[in-house]
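# Structure assessment
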Amino acid sequence: MASKVAVVLIMLYLSGFTCGIRLDGNGYTDILIAINPAVTEDPLLLERIKDMVSEASSYLFQVMNNKLYFKNVTILVPPNWTGNYSRANTETYEKANIIIDEPNLSDGNNPYTLQYGKCGTEGRYIHLTPDFLKRDERFYGPRGRVLVHEWAHLRWGVYDEYDERKPFYIDNGKLEATRCTKDITGEWRSISSELTCTPTNINGEPSDCYFFLHESQTAKASVMYSQSIDSVVEFCNKKNHNAKAPNMQNRMCGGRSVEEVIFSSSVDSQNIPSCSLPSPSPEPTFSVVQKQQRVVCLVLDISGSMGGQRIVRQRQAASLFLKQIIEDQSYAGIVTFQSIASVLQPLTLIDHLETRENLADSLPTNPGGGTEICVGLFKGLEVLKTLDGFSNGKEIIFLTDGESNSPINCVNDATESGATVHTITLGPNGDPRMREMSEKTGGRFFYAGDTLNSNDLVDVFASLTTSDGDLTQQTIQLESLGFTVSGSGLFSGTVSIDKTIGNNTAFLILYEHNPPPTILVESPSGQKYNTFKPDTPGNSFTLNIPGTAEEGKWTYNITNNGQKQTMSITVTSRAVSADVPPVTVKTHMNQQSSNGTKPMVVFAAVSQNGLPVILADVRATLESDAGDKQEMDLLDNGAGADAFRNDGIYSRYFTRMKGGKYNLKVRVQDRDGKARFSLKRHSGAMYIPGYVVDGKLELNPPKPSVGEEDLVADVGNFSRTAIGESFTVNLPPGVPTATKFPPNTITDLNAELVKDIVLLTWTAPGEDLDQGTASEYEIRYSEDPDVLRSKFSNAHLINSSNLLPSESGSSEQLSFTPTNGTMKNGTTLFFAVKAVDKDMLSSETSNLAQVTKVIG
């Protein structure tokens, strides 16, 4: 098994995942394709990417009735490629809409799209491999058509219309393949004998009997079933949609067709032009760019309001960034500003530990003066240009605690510079235009509180890593914890070093008052460390573990020696080797602001080199500037806010919102070694096992299989901490809390038939979405699925009065015999559930489950 491990809790920055993409008239612009550094430089690969996009643009144009096409695309090549490429601006690997990377154990060379949210919600990225792009194989059909299939997942939040787990069903007594439309033809054949066969287990997946497409077809839809069919040039629409098929599109989108979702629920629903362009479609334009080595200028506020503990907090956090976070062979400079701005340190190459220490030691300690934010920005851009005359492609980390004395009229200057500006407001009075500056330059925005309890500011600077796709170069935050200790109190804890990390391991302890605490760190084998390097102006101690830190559980003991005070501990490390990507953590909300009328969602995705990691403990903390603090366990159960069970993406609704600016912190742990990999299939184009050509079966090679022995996440006990970008809740005046929400929609309803007894199972929703406990269920069935979807109350009611709802996330089940008599051979029944809360607010109708009576 590959030893590469990457546990990724992904939290993206804007309300839409496909960051950067714009629909400009009829053309999509600012599409970013990024190539991983593990991919060997190859001019043929670049040509194949361009050919694929051009082919896809023409196909998209046809499918969308001459209304949409790909207008311009940027290809970001890795820093280790040696060709002559243009300089990248704000493009980074982690912002890419399409990623070109080596295959992973689960998906191999299968194209797929990582989708997080509900129907109509944008996905995170499309994943393609070099082999997929360079080999001429027909497993998925033409590459351009495959890209359009994946684009529909990514941009419009629709789902596949085939289903590998439920590949067939009975409709009016007839066996049907799960597909859309039913006009697509094929034959049931045995892979082993190639003879005609009939699936025998109507409620499960056949082992050898598959539906093979006829190579020659006349059906025009649908792209989300099989774009490989030559005749397919449409998405399913309301007229031809197969709403009975037990596929993901029907389950997630309430039986709506793909076209209905695109034009009513997607991010483009209000922006797709009504007019069609003449054929042929315009050709896409391409830019090939390369990110240079990282260049960062810290722009730090030293105005009078930064006095007291704020200037200390700034020094502590910036010191961590310079000593531990910024990557080797990067450049870093420091600018300070108040009414005027000064260069504290010019751009300096990070090439030695001493260089890092010297930069950190120079951080400011004496505040005074006013606050002129634009003055600080201009000086930072000036420093960025000192290296080669350009600011584009470089970064500013801008920290301020107050509102500017003069209007901030420099946001456009920041945007036009081509630099990425990350903005941090410390305390409650940060200028609101700082968020605008970060958003317009592709940066990240953070709010940080003044106290050490949450360790906010250190967490912010620890999160400001950059990635070209090579996770082995990043510093990983293992622990971040604030605590209050009495006069002679002791605070103890443990942190795990797993098999993927151990180099450059450091413990950072921060405190408020002198005398400083006494600190003891002990390795798993019992070696004691008590010699910490002090930074007296920064009220901090640092311990750097020499070499590679020992694998296992490390213990720390921090003893206070004076008055009661708040302290914090932060532990960081790096990959154990360049061949082993480390366990990493990122986290995000589904939107960066809310007025309380729509629920917010916390997302977390856990994976190992593309393999989802399941059964980890994931806990989120959301804390506002007003002190409102809420903690919740994130779940990967395919219910509530979580779209898919056991896909390694953990989610939860955030409903108890109060007004203010919020920070998000997530901790991921595997203390008991129970975490495992999952072979949960991502959304993606269907692999074609073969075709029926003139009555003869022509097989493609089977997809590689993975055994259960490959699925153990053998990295040792691990723990990670990460933060997401700050977000705001702006409630109307006089409204203390967010809107009351109904129970969440049940999306995992399942039905099984044993003789004439139906067993229904589902995951319990909550009182408010997936929080709390609902009050009752309304369960109905019908032979007509349209009745359940459009006239729910007219369907047969199932007596569920004895079934009291369990707490959200619990497993529910109900068995019963349909009251209208014994089911006949070929009878199909459809079932749906609604949950009701104590205020009589009802959820939407669940997904439809179905059973069919088959005799003989």
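Residues numbered from 1 in each chain as written. Predicted model: local features only at pLDDT ≥ 70, side-chain atom pairs only at ≥ 80, totals over all residues. Heavy atoms only, no water.

## Structural notes on the overall build of the protein chain
For the record, the criterion: Only DSSP runs of H or I covering at least 4 residues are called helices, and only runs of E covering at least 2 are called strands; the numbering of each starts at the N terminus. Each radius of gyration is computed over the set of C-alpha atoms, and the globule rule expresses the reference value as 2.2 Å times the number of residues to the power 0.38. Burial here depends on accessible area, computed with a 1.4 Å probe over protein chains only, as a share of the maximum for the residue type. Under 20% is buried, over 50% is exposed, and the range in between is partly exposed.
The helix and strand tally for the protein chain stands at 13 helices and 49 strands. In summary, the protein chain has a C-alpha radius of gyration of 28 Å against a globular reference of 29 Å for 856 residues, a match within 12%. Principal axes of the C-alpha set define a box for the protein chain whose edges measure 85 × 65 × 55 Å. Relative to its full complement of 856 residues, the protein chain shows a buried share of 60%.

## Side note on the state of the cysteines
Defined as follows: Here, a disulfide means two cysteine sulfur atoms that sit within 2.5 Å of each other.
As enumerated under the stated definition, the model contains 4 disulfides in all. In the protein chain, the cysteines engaged in disulfides, taken in order along the sequence, are linked 1-6, 2-5, 3-4, 7-8. Left unpaired, C297 is separated from the closest cysteine sulfur, that of C410, by 14 Å.

## As for the nonpolar core
As a reminder of what qualifies: We define the nonpolar core as a collection of buried residues of types Ala, Val, Leu, Ile, Met, Phe, Trp, Tyr and Cys that are connected through side-chain atoms lying within 4.5 Å of one another.
Formed by 75 residues in total, the largest nonpolar core has its most connected members in Y28, I35, W156 and F235. Examining the composition of this core, we find that 9 residues originate from one element, helix 1 (residues 43-63), more than from any other.

## Re the sheet that holds strand 47 (residues 811-816)
Rules: The pairing criterion for strands is at least two bridges between them, as found by DSSP. Fitted lines through C-alpha atoms give the axes, limited to the stretch in contact for helices. The angle between two N-to-C directions lies from 0 to 180 degrees.
Spatially, 3 strands are ordered 43-44-47 in an open sheet, and the strand pairing comes out antiparallel. Whereas interior strands pair on both sides, the edge strands pair on one side only; in this sheet they are strand 43 (750-754) and strand 47. Neighbour-to-neighbour, the strand axes of the sheet open up by a mean angle of 20°, direction not taken into account. Looking at chain direction, strand 44 (residues 757-763) and strand 47 are connected through 6 bridges and run antiparallel. The residue of strand 47 that forms the bridge with V758 is F816.

## So, the pattern of salt bridges
What counts, and what does not: Here, a salt bridge means any side-chain nitrogen of Lys or Arg that lies within 4 Å of a carboxyl oxygen of Asp or Glu.
Counted by the stated rule, this structure contains 44 salt bridges. A salt bridge links E439 to R435; the shortest N-O distance between them is 3.8 Å. Here E439 pairs with R435, and both are found in helix 11 (residues 433-440), just 4 residues apart, close to one helical turn. Given the relative accessible area of 39%, E439 is considered partly exposed. Exposure remark for R435: the relative accessible area of 14% places this residue in the buried category. Residues joined in a network through salt bridges with shared partners are D171, K174, E176, R179, K182 and K244.

## Notes on the side chain of R356
This is how it is decided: The criterion used for residue contact is that any of the two residues' heavy atoms lie within 4.5 Å.
With respect to the element layout, R356 can be found in helix 8 (residues 353-361). The residues contacting R356, other than those within four sequence positions of it, are L322, K323, Q324, I325, I326, E327, D328, I350 and R574.

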